[in-house]
Amino acid sequence: MTQTDGLLFDPRTYDPPQFDAETRRLLRATIDWFEGQGKKRLLDDDLAAVWPGDFVDFVKREKLFATFLTPSEFAGGNPDKRWDAARNAALSEILGFYGLTYWYTEQVTILGLGPIWQSENKDAKLRAADDLENGEVMAFGLSERSRGADVYNTDMILTPASEEDRANGILYRATGEKYYIGNGNVASMVSVFGRRGDVEGQDGYVWLVADSRHDDYHLIDNVVHMQIYVSTFRLENYPVREEDILHTGVEAFAAALNTVNVGKFNLCSCSIGMAEHAFYEAITHAQNRILYGSPVTDFTHVRTNFVDAYSRLIAMKLFSQRSVDYFRSASLEDRRYLLFNPMTKAKVTMEGETVLRSLHDVIAAKGYEKNTMFREVAQLIGTLPRLEGTVHVNVGLVLKFMPNYMLNPKEYPPIPMRNDAADDTFFWNQGPTRGAGKVQFADWTPIYEEHAGIPNVAVFYDQAKAFREFLLAAAPDVEQQKDLDFLLTVGHLFSLIVYGQLILEQAALTGLDSDMLDQIFDFQIRDFNTYAVALQGKPTATTAQQDWALSAIRKPVPDHARFHRIWERVKAYDGAYEMAP
């Protein structure tokens, strides 16, 4: 058996000691189910766009979603049922490793459950718990074809019921179409966002639950040609009773955004799992391919690509794991997760694409072959930065936190590692969505200073301090604050500093070695340089901003011995894992 550094998910040996026995059993059972299906079966099903019915049957048989996605309040006394973001992230990574299809089936179930678990409708919650126990999946009916990302408006209209309907307990009739709704073909409970036709403004918002099996629920089409069923459906005079209503008014809109807060977090761990599987295939192929009489990996540029891809992948894992701690420790008094959450969605998933590009540049045509998992990952990993709001939307959200994060720190108790078997009840009590710009953060500088003995951390910290000076001396003016193209570049520069903070925190908690951190901050410096050059070239950049951008560029500290040591760790993954055929 090849000896690796153990930083990547390894299906052969996976048995996470931080989790309880039933969690470990279910995670192991999930891995074994996929390995039992075999690589050819998974890839053939992907190519044929086969609905993953066998996987849904496995979920039902093992009560996987019931155990992982039911808050303990509705667990019926089962001590293993809870909503635990740490183990949910682990499951998400595993599902992503074996295919986006399987992750997506769980992902939209999580989204569909969001408005339900946040509601005061106990009947709907009990129904959801029972349906999960019976192996059902859920769906989240928010988006519409003509509305896109505009969640403030909806053409799903609830019309007050007739007297005859009211005599039968029907309060409204819902009519309208929803578009891009995962699991909409089979979901037992579809959370649907609409508005009352007789009430103007935000007071008219309503979340209701519909059943895809109802006669007045019309499944129109799958809008993609993939295994996942991304439906468009229409409700036509769908009867809505009191027990079907989850939220009304402003609370309904808050439930929509807070559900997305919970759901979009999972995109990072899916991206990690997908990139890990692709990495295993890429290094094994390249290390054993002879070109011009030498292994492909003897070429310097190939080794550089692999070391960069690997260090980026480890950074993705570090940031995502640490962000779990902040989410699980959140409260109305500590809402820092509202920054780290869109970071996991936007930054980590973008890095997943970068990792795949680096690997694909090495293995080239091999990455298109239908018998490789790489082909599937390369085709689908780009969906993740573009789901649950685009990168632009999430970087725009990140910008709201920049002034307080960079310039106005606040004291907080230390956030510990959160792998404890606790129910994350705050997810369903996040409160109002306003006030993001008022959220404060602990001082970001101490963790950088603590690691300033690592050469590239010190260089990047210097760039981060330069960015703080940019905000004080050459911040975007009133007109530039209306220029989203300009602001997004500023947002990417800021994101790198936040990214580095949590990477360093997780490294300190886990004892990650300085070689790995030095290599990670090598690319952090290079990425900062890229965005600084982009800022310098913006048409609206002032002379002061252009001068700052060029002055902030730094060269990473080269260390050939360190690079070689990281390469040897990368090379050790040659043949370390090959999926069962």
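Scroll up for the structure.
Now for a description of the structure that goes with this document. (Residues numbered from 1 in each chain as written. Predicted model: local features only at pLDDT ≥ 70, side-chain atom pairs only at ≥ 80, totals over all residues. Heavy atoms only, no water.)

## A short note on the overall build of the protein
And then number 1: Helix and strand counts for the protein come out as 21 helices and ten strands.
And then number 2: A compact globule built from 581 residues would reach a C-alpha radius of gyration of about 25 Å, and the protein, at 24 Å, matches this within 12%.
And then number 3: Seen through its principal axes, the protein has C-alpha atoms that stretch 80 × 60 × 40 Å.
And then number 4: Going through the 581 residues of the protein one by one, you find that 59% of them count as buried. (Helix = DSSP H or I, 4+ residues; strand = E, 2+ residues; numbered from the N terminus. Rg over C-alpha atoms; globule rule 2.2 N^0.38 Å. Buried < 20%, exposed > 50% of the residue type's maximum accessible area, 1.4 Å probe, protein only.)

## Some words on the pairing of strand β2 (residues 157-160)
If a strand is regular, its side chains alternate between the two faces of the sheet.
And then number 1: Sheet topology note: the β2/strand β3 (residues 170-182) ladder contains four bridges and is antiparallel. Within the sheet, the bridge partner assigned to Ile157 lies in β3 and is Thr175. (Pairing = 2+ DSSP bridges.)

## Section: the side chain of Ser119
And then number 1: Examined against the element boundaries, Ser119 turns out to sit in the loop between α6 (100-117) and α7 (122-133).
And then number 2: Setting aside residues up to four positions removed in sequence, Ser119 forms contacts with Lys125, Leu246 and His247. (Contact = heavy atoms within 4.5 Å.)

## Let's talk about the nonpolar core
And then number 1: Membership of the largest hydrophobic core comes to 172 residues, with the highest contact counts inside it found for Trp117, Phe279, Phe306, Leu339, Tyr448, Phe467 and Trp548.
And then number 2: By residue number, the principal contributor to this core is helix α11 (residues 300-328), which donates 14 residues.
And then number 3: Ranked by size, the runner-up nonpolar core spans 19 residues in total, among them Ala174, Tyr217, Leu235 and Tyr238. (Core = buried A, V, L, I, M, F, W, Y, C linked by side-chain atoms within 4.5 Å.)

## Describing the pairing of strand β5 (residues 205-210)
And then number 1: In terms of burial, β5 is a largely internal element, six of the six residues being buried.
And then number 2: Burial along β5 is two-sided: the residues Tyr205, Trp207 and Val209 and Val206, Leu208 and Ala210 are all buried.
And then number 3: Strand direction decides the pairing type here: strand β4 (residues 189-196) and β5, joined by six bridges, are antiparallel. Each bridged residue has a counterpart across the sheet, and for Val192 the counterpart in β5 is Leu208.

## A short note on a nonpolar patch on the surface
And then number 1: There is a patch of nonpolar side chains on the surface, built from Val533, Leu550 and Ile553 and spanning about 240 Å² of accessible area.
And then number 2: Along the polypeptide, Leu550 turns up in helix α20 (residues 543-551).
And then number 3: Owing to a relative accessible area of 49%, Leu550 belongs among the partly exposed residues under this scheme. (Patch = residues over 30% accessible without salt bridge, like charges linked within 9 Å, V, L, I, M, F, W, Y side chains within 5 Å. Areas by Shrake-Rupley, 256 points an atom, 1.4 Å probe, with all protein chains shown as cover. Salt bridge = Lys/Arg side-chain N within 4 Å of Asp/Glu carboxyl O.)

## What about helix α3 (residues 53-62)?
And then number 1: Those residues of α3 that sit buried are Phe55, Val56, Phe58 and Val59. End-on, the buried residues of α3 take up no more than an arc of 155 degrees, which puts them together on one face.
And then number 2: Two residues or fewer past α3, Lys63 is found with a positive phi of approximately 55 degrees. (Arc of directions from axis to C-beta.)

## Observations concerning the packing of α11 against helix α12 (residues 337-363)
And then number 1: Look at α11 against α12: their axes get within 9 Å of each other, and the N-to-C directions meet at 160 degrees. Between α11 and α12, the crossing angle belongs to the class labelled roughly antiparallel. In the crossing of α11 with α12, the sense of the turn from one axis to the other is left-handed. (Axes fitted to C-alpha atoms, helices over the stretch in contact; angles between N-to-C directions. Parallel < 35°, antiparallel > 145°, perpendicular 65-115°, else oblique. Left-handed = near helix turned anticlockwise from the far one by under 90°.)

## Points about unusual backbone geometry
And then number 1: Positive phi, normally seen in glycine, also occurs at Lys63, with a value near 55 degrees.
And then number 2: Looking at the secondary structure, you find Lys63 in the loop between α3 and α4 (64-69).
And then number 3: In the Ramachandran plot, Ala364 falls in the positive-phi region, its phi being about 50 degrees despite a non-glycine side chain.
And then number 4: Counting through the fold element by element, Ala364 comes out in the loop between α12 and α13 (373-380).

## Some points on the environment of Ala532
And then number 1: As for its position among the elements, Ala532 is in helix α19 (residues 514-536).
And then number 2: Ignoring sequence-local partners within four residues, the contact set of Ala532 consists of Leu493, Ala549 and Ile553.

## Thoughts on the packing of helix α9 (residues 250-264) against α12
And then number 1: At a minimum axis separation of 9 Å, α9 and α12 run at an interaxial angle of 55 degrees. The angle between the axes of α9 and α12 places the two elements in the oblique class. For α9 against α12, the interelement crossing comes out left-handed. Where α9 abuts α12, its residues Asn261, Val262 and Lys264 lie against Tyr337, Leu338, Asn341, Pro342 and Lys345.
And then number 2: Tallied by class, residues from the contact of α9 with α12 come to four nonpolar, two polar and two charged. (Nonpolar A, V, L, I, M, F, W, Y, C, P; charged D, E, K, R; others polar.)

## Some points on the packing of aromatic side chains
And then number 1: Tallied over the full model, the rule gives 53 aromatic pairs.
And then number 2: Seen in terms of ring centroids, Phe34 and Phe55 are 5.7 Å apart; in terms of plane orientation they differ by 25 degrees. Their pairing is stacked. One end of the pair, Phe34, is in helix α1 (residues 21-37); the other, Phe55, is in helix α3, and 21 residues separate them in sequence.
And then number 3: On the accessibility criterion, Phe34 (0% relative accessible area) is buried. (Phe/Tyr/Trp six-rings, centres within 6.5 Å; stacked < 30°, edge-to-face > 60°.)

## Observations regarding α9
Given 3.6 residues per turn, any residue in an α-helix points the same way as the ones three and four places further on.
And then number 1: Compared with the 21 Å implied by 1.5 Å per residue over 15 residues, the 21 Å span of α9 between its first and last C-alpha is a close match.
And then number 2: Of all 15 residues making up α9, twelve are buried, and the element is well covered by its neighbours.
And then number 3: Turning to α9, its buried residues number three or more, namely Ala252, Phe253, Ala254, Ala255, Ala256, Asn258, Thr259, Val260, Asn261, Val262, Gly263 and Lys264. (Expected span 1.5 Å × (residues − 1).)

It is worth stressing that arrangement in space is one thing and function is another; only the former is reported here.
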